[in-house]
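Observations on the three-dimensional arrangement
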Amino acid sequence: MAVPETSKLLDKERYSRQLYVLDLPAMQKIQGAKVLLSGLQGLGAEVAKNLVLMGVGSLTLHDPHPTCWSDLAAQFFLSEQDLERSRAEASQELVAKLNRAVQVCIHTGDITEELLLDFQVVVLTTSKLEEQLKLGTLCHKLGVCFLVADTRGLVGQLFCDFGEDFTVQDPTEAEPLTAAIQHISQGSPGILTLKKEAHNFCDGDLVTFSGIKGMVELNGCDPRPIHVHGDRTLEIGDTANFSCYLSGGTVTEVKRPKTVSHKPLDVALLQPRVVAQSSQEARRARCLHQAFRALHQFQHLNGRLPRPWDPVDAEMVVGLAQSLEPLKGTEGEPLEEPLDEALLQTVALSSAGCLSPMAAMLGAVAAQEVLKAISGKFMPLDQWLYFDALDCLPEDGEPHLKPEDCAPRHCRYDGQIAVFGAGFQEKLSRQHYLLVGAGAIGCELLKGFALVGLGAGASGGVTIADMDHIERSNLSRQFLFRTQDIGRPKAEVAAEAARHLNSDLQVTPLIYPLDPTTEHIYGNNFFSHVDGVAAALDSFQARRYVAARCTHYLKPLLEAGTHGTLGHASVFMPCVTETYRAPASAIASENATYPVCTLRYFPSTVEHTVQWARDEFEGLFRLSAETINRHQQAPTSLAEPDGLKVLTLLQEVLGVLRQRPQTWQDCVVWALGHWQLCFHDGIMQLLNRFPPDKVLEDGTLFWSGSKQCPQPLQFDASQDTHLLYVLAAANLYAQMHGLPGSRDQTALRELLKLLPLPVPQNLVPIFPNDLELARASAEFGPEQLKKLHKVLEVWSGSPPLEPLKFEKDNDSNFHVDFVAAAASLRAQNYGIPPANHAQSKRIVGQIIPAIVTTTAAVAGLVGLELYKVVNGPRPLSAFRHSHLHLAENRFSRWVPCAPAIQKCHHLTWTWTCWDRLKVPAGQPERTLKSLLAHLQERYGLRVKMLLHGKALLYSAGWSPEKQAQHLALRGPQELADPVATPT
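Predicted model, so just to flag it, every value in this text is computed and none were measured. (Residues numbered from 1 in each chain as written. Predicted model: local features only at pLDDT ≥ 70, side-chain atom pairs only at ≥ 80, totals over all residues. Heavy atoms only, no water.)

1. Points about the overall build of the chain
- Along its length, the chain carries 32 helices and 30 strands.
- Looking at the chain as a whole, 54% of its 983 residues are labelled buried.
- Excluding contacts between residues fewer than 6 apart, the proportion of contacts in the chain whose partners are at least 24 apart in sequence is 73%.
- Taken as a whole, the chain presents about 43,000 Å² of accessible surface, with 52% of it coming from carbon and sulfur. (Helix = DSSP H or I, 4+ residues; strand = E, 2+ residues; numbered from the N terminus. Buried < 20%, exposed > 50% of the residue type's maximum accessible area, 1.4 Å probe, protein only. Contact = heavy atoms within 4.5 Å. Areas by Shrake-Rupley, 256 points an atom, 1.4 Å probe, with all protein chains shown as cover.)

Now the structure itself:
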């Protein structure tokens, strides 16, 4: 069915991070879509939560069944007070509170063909096979996208049927490829030469063109197929009759839509296409497919699911699976595959359980598939997905749980006890965990902790550490926060919300960061009471620090991260797995800085242009105001090393004006003058110093390699980017001076027609390297100082200026508008494919694209590893690192590496990064001398240096007098504290 258009305005601030994943057209379709969700146990709650947070138009809930104890292990909209109430009715209010822009309704009757006609997507969770087949047939006939999702203990399934002719408008998450053009020949075929050798274009790609001067026939043309001709050249079809190419331009990839064909459930049930990365995975998935069919048959025959860990019921399920009609291959041929009886039995024994991490994982994938069905964004599943985490159970050979250990207790953890037993539940309640980060992943993890009962006992607890405060952009994926919480500390609000989910949870919020400045808070005493750490951080630097603390204190670390629809979850166990290591490339990009001369004179990437524009904002609208205010409050002689920098900055801020601006027109005049200075006069000055044909002493052109020769721009108020720059710059200048601004673009265009272009003046000196800048700064003398004070006099006796602090998430303050326009114009100067407004905002704000589905999925994967950590000790083979890409249906889990073993050639022992030398305290007082003697006698280790934190306790090169000052170490704690890896 076609998705109806929506008339509602999109809250771009709320969905800002999600828009970088889905784009505006997809979000508009989602905002107008209607979804029916039947089944509101844990899995259904996850799907509902994700869809409402992501802003689906309306969600109709259907589940007339009464709430029972086992629901509470994963259904976070329900509580003990809701027992015996209809799940849908009990959940509706809390679901609606997640996002008041979404209409949340309840359907209490049967699901009929007439009802289905009102929806674009129908989702069934934990439903009977008979209902799935009936509604699947109807939806396929009506053209309604249909999904089935289910979890049974540690196994989950997801089925998608989007019809026989479903168009995927944008199959991948990757941005379209773009490249700057160096030259285009006239001919058949025309040969396009790129400015840079590195590109990812492939034969057959479709491309279009923009910004070309001369051969304008290509600008905005229909997509053309290309053939990669060489490292920098592409064949682009016939250009023989086109105008001669002059300069500039960008070639941009056009993504091709794809069509997928899905079979209805009744066909796909016997001829399943499963998502798998290998033939081994595919065989396991088909075995799980038969296990689910057998469980449905068992429930049909007995009116119930198999009892937890009941061997009789499990054997019956195995027998039913073996008696099923064999599955068929893609061509309809019978698949002669023996079923894995051990796998079937394990599934059956644990199938009565309902687990929060499994619901989180499957609910996230299901919700992402709903978005694909609505928007045509990203490839849908083809058609069955099976996911299992049976590695959470004890290893083969260990005794099985007994039925009585897993029988219902009429408590909120019954669904979990059915899988792991009551003894394990007691272990969970005694744990004390540190959660670092209460953002998107942190909220999902804390929800999971509350549901599984982590730290819910008298001796347990969870501590949340996060210094940030809630912003509106958090609300589309940070599940525990609401509109009224904006501005409050994340840790405190998250703690309050978690207590509402489980009143027994012992949770403590801390608003201090976990970094080197707070080691007096998160020190020895703190970590001695912690059983493990979960990290939900958004920077690699922070992750590395937290991981180092876990290694130091020998604490398990659970860690997760996302980027768009990419996600990962990792586990690091002391003495079992490797320690955390951040990717070197990620650390480099996170800490990337650009040379000043590159930004000012020789940009070559869009990142350079955006950073230059961001620096312009800081100098013009913050630093200048602070400098002028400081001088007015306490006039002093400016330090000579800063004098040239300050003079240059203030001359730009004054610009073509001769006095402080008094009106909006004055601000426009200044903005127009600064446009001329930056994008025309400054470029002309640079070309006068370094002409386009300048040759270096070695014979190479100065403007070659990464140095791209710029071209001056001519101001044209009819061009949107030119106008928007002046509009933004004039408004910011007005804000800084306390003057009213204007948003009237039509009036501004008319005003600009009346204003003459300013005469070049006060040109910024060019210093192409640090040496020239230093020399000029050193020569800053009385004459320049006199000029500086003269400029400052313009603002003397006036009200203080308002320094503008850059704010990326307010789309009405002109901050990002200025940066985006300035960066785009700078890119045009240098022939760099420009960033659009959204891309500029993402780059300058260092915004990570994010969506709640990926967040929930990785939190579920972390929860599965938590089971293993708490239920230890477990061997290396039990643990899993995970990686997923929801846009492209890739799911991987693998066993972590063991810690690397170190060995010195002259020692008889080896060690890993987790190992420690335990030195007995012995007598109440041990001297450093006796400690060194013990190490040599016991381990054959000759110590050359001994550190305690950052303090040097001993060095083989010290004099006896200096050494004597550090000889006494008193008490066993002091000897235990300086824990260090031997090196």
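2. Here we look at the UniProt feature "active site" (unreviewed entry) in the chain
- Within this structure's numbering, the places UniProt gives as "active site" (unreviewed entry) are Cys597.
- With respect to the element layout, Cys597 can be found in helix α19 (residues 596-601).
- Overall, the relative accessible area of 23% leaves Cys597 in the partly exposed class. (UniProt positions renumbered as here; feature names shortened; annotations may be inferred.)

3. Concerning helix α24 (residues 745-754)
- Within α24, the full set of buried residues consists of Leu748, Leu751 and Leu752. Looking down the long axis of α24, one finds its buried residues gathered within 100° of arc, a one-sided arrangement. Pointing more than 90 degrees away from the buried face of α24 are the exposed residues Thr746, Lys753 and Leu754.
- Buried-residue contacts for α24 involve α22 (664-689) and α23 (720-736). (Arc of directions from axis to C-beta.)

4. Observations concerning the packing of aromatic side chains
- Inspection of every chain in the model, using the stated rule, returns 30 aromatic pairs.
- Note on Phe420 and Phe424: the rings are 5.1 Å apart at their centroids and 50° apart in plane angle, and the pair reads as tilted. Exposure class is identical for Phe420 and Phe424. Each is buried.
- Centroid distance Phe572 to Tyr580: 5.8 Å. Interplanar angle 90°. Geometry classified as edge-to-face. Neither Phe572 nor Tyr580 differs from the other in exposure class; each is buried.
- Clustering of aromatic rings is evident, with ring pairs tying together Trp612, Phe617, Phe621, Trp670, Trp675, Phe679, Phe715, Tyr725, Tyr733, Phe806 and Phe818.
- The side chain of Lys447 reaches across the aromatic face of Phe479, ending 5.9 Å from its centre. (Phe/Tyr/Trp six-rings, centres within 6.5 Å; stacked < 30°, edge-to-face > 60°. Lys NZ or Arg CZ within 6 Å of the ring centre and 35° of its normal.)

5. Notes on the environment of Met358
- Mapped onto the elements of the fold, Met358 is located in helix α11 (residues 356-375).
- Judged by its relative accessible area of 0%, Met358 is buried.
- Beyond its immediate chain neighbours, meaning those up to four positions away, Met358 contacts Thr151, Gly153, Leu154, Val155, Gly156, Phe387, Ala389 and Leu864.

6. Comments concerning a negative patch on the surface
- A surface patch of like charges, here negative, comprises Glu13, Asp468, Glu471, Asp538 and Glu807.
- Within the secondary structure, Asp538 sits in the loop between β20 (532-535) and α17 (540-553). (Patch = residues over 30% accessible without salt bridge, like charges linked within 9 Å, V, L, I, M, F, W, Y side chains within 5 Å. Salt bridge = Lys/Arg side-chain N within 4 Å of Asp/Glu carboxyl O. Lys, Arg positive; Asp, Glu negative; His and termini not counted. Charge placed at Lys NZ, Arg CZ, Asp CG, Glu CD.)

7. Here's the deal with the packing of α11 against helix α14 (residues 440-452)
- The N-to-C vectors of α11 and α14 enclose an angle of 145°; their axes lie 9 Å apart at closest approach. Across the interface between the two elements, Ser356, Pro357 and Ala360 of α11 pack against Lys447, Gly448, Leu451 and Val452 of α14. (Axes fitted to C-alpha atoms, helices over the stretch in contact; angles between N-to-C directions.)

8. Side note on the sheet that holds strand β21 (residues 557-563)
- Across the sheet, 8 strands lie side by side as β19-β18-β17-β20-β21-β22-β23-β24; this open sheet has mixed pairing. Both outer strands of the open sheet, β19 (507-510) and β24 (890-894), are each paired with one neighbouring strand and no more. Direction aside, the axes of adjacent strands within the sheet are offset by 10° on average.
- Relative to strand β18 (residues 461-465), strand β17 (residues 432-436) is paired through 5 bridges, and the arrangement is parallel. Bridging across to β18, His432 finds its partner in Gly461.
- Lying on the sheet, helix α15 (residues 490-501) is in contact with β18 and β19; it crosses β19 at an angle near 170°.
- Running at roughly 165° to β21, helix α29 (residues 852-870) makes contact with β17, β21, β22 (566-572), β23 (881-885) and β24 of the sheet. (Pairing = 2+ DSSP bridges.)

9. Quick look at the pattern of salt bridges
- What the rule picks out here adds up to 43 salt bridges.
- The salt bridge partner of Asp63 is Arg87, with a shortest N-O separation of 3.2 Å. Linking Asp63 in the loop between β2 (58-62) and α4 (87-97) with Arg87 in helix α4, this pair joins segments that are 24 residues apart in sequence. The pair formed by Asp63 and Arg87 is uniform in burial state, with each residue classed as buried.
- Close ionic contact of Arg488 with Asp485 constitutes a salt bridge, the shortest N to O distance being 3.8 Å.
- By relative accessible area, which is 29% here, Arg488 ends up partly exposed.
- One salt-bridge network, held together by shared partners, links Asp391, Glu865, Lys868, Arg880 and Arg893.

10. A look at the sheet that holds strand β3 (residues 103-106)
- Ordered by their spatial adjacency, 7 strands build an open sheet running β3-β2-β1-β4-β5-β6-β16, and the pairing between neighbours is mixed. Every interior strand has two partners, whereas the edge strands, β3 and β16 (384-388), have only one. Across the sheet, the axes of successive neighbouring strands diverge by a mean angle of 15°, strand direction being ignored.
- As paired strands, strand β5 (residues 145-152) and strand β6 (residues 155-161) are joined by 7 bridges and run antiparallel to one another. By the bridge assignment, Phe146 is partnered in β6 with Asp161.
- In the packing of α4 onto the sheet, the strands contacted are β2 and β3, and the crossing angle to β3 comes to about 175°.

11. Remarks on the environment of Lys49
- Structurally, the position occupied by Lys49 is in helix α3 (residues 42-53).
- Relative accessible area serves as the criterion here: at 0%, Lys49 is assigned to the buried category.
- Each C-alpha atom, one on Lys49 and one on Leu94, is 9.5 Å from the other, the two residues being 45 residues apart in sequence.
- Not counting residues up to four positions away in its chain, the partners in contact with Lys49 are Phe76, Phe77, Leu98, Glu444, Lys447, Phe479 and Ala856.

12. Focus: unusual backbone geometry
- For the bond from Ser188 to Pro189, the omega torsion is 5°, close enough to zero to count as cis.
- Assignment of secondary structure puts Pro189 in the loop between β8 (178-184) and β9 (191-194).
- Cis peptide bonds are those with omega within 30 degrees of zero, and the linkage from Gly872 to Pro873 qualifies with 0°.
- For Pro873, the position within the fold is in the loop between α29 and β23.
- Positive phi values are uncommon outside glycine, yet His410 reaches one of about 55°.
- With respect to the secondary-structure elements, His410 resides in the loop between β16 and α12 (414-420).
- Even without being a glycine, Gln846 presents a positive backbone phi close to 50°.
- Note that Gln846 resides in the loop between α28 (837-844) and α29.

13. A few points about the nonpolar core
- Judged by nonpolar contacts, the single largest core of 165 residues is most densely connected at Leu51, Leu59, Leu154 and Ile464.
- Looking at this core, the element that brings in the most residues is α29, giving 12 residues.
- In contact with Leu51, other than residues within four places in its own chain, are Val35, Val56, Leu59, Ala367, Val370 and Leu371.
- Judged by nonpolar contacts, the second largest core, of 61 residues, contains Val610, Trp675, Phe715 and Phe814. (Core = buried A, V, L, I, M, F, W, Y, C linked by side-chain atoms within 4.5 Å.)

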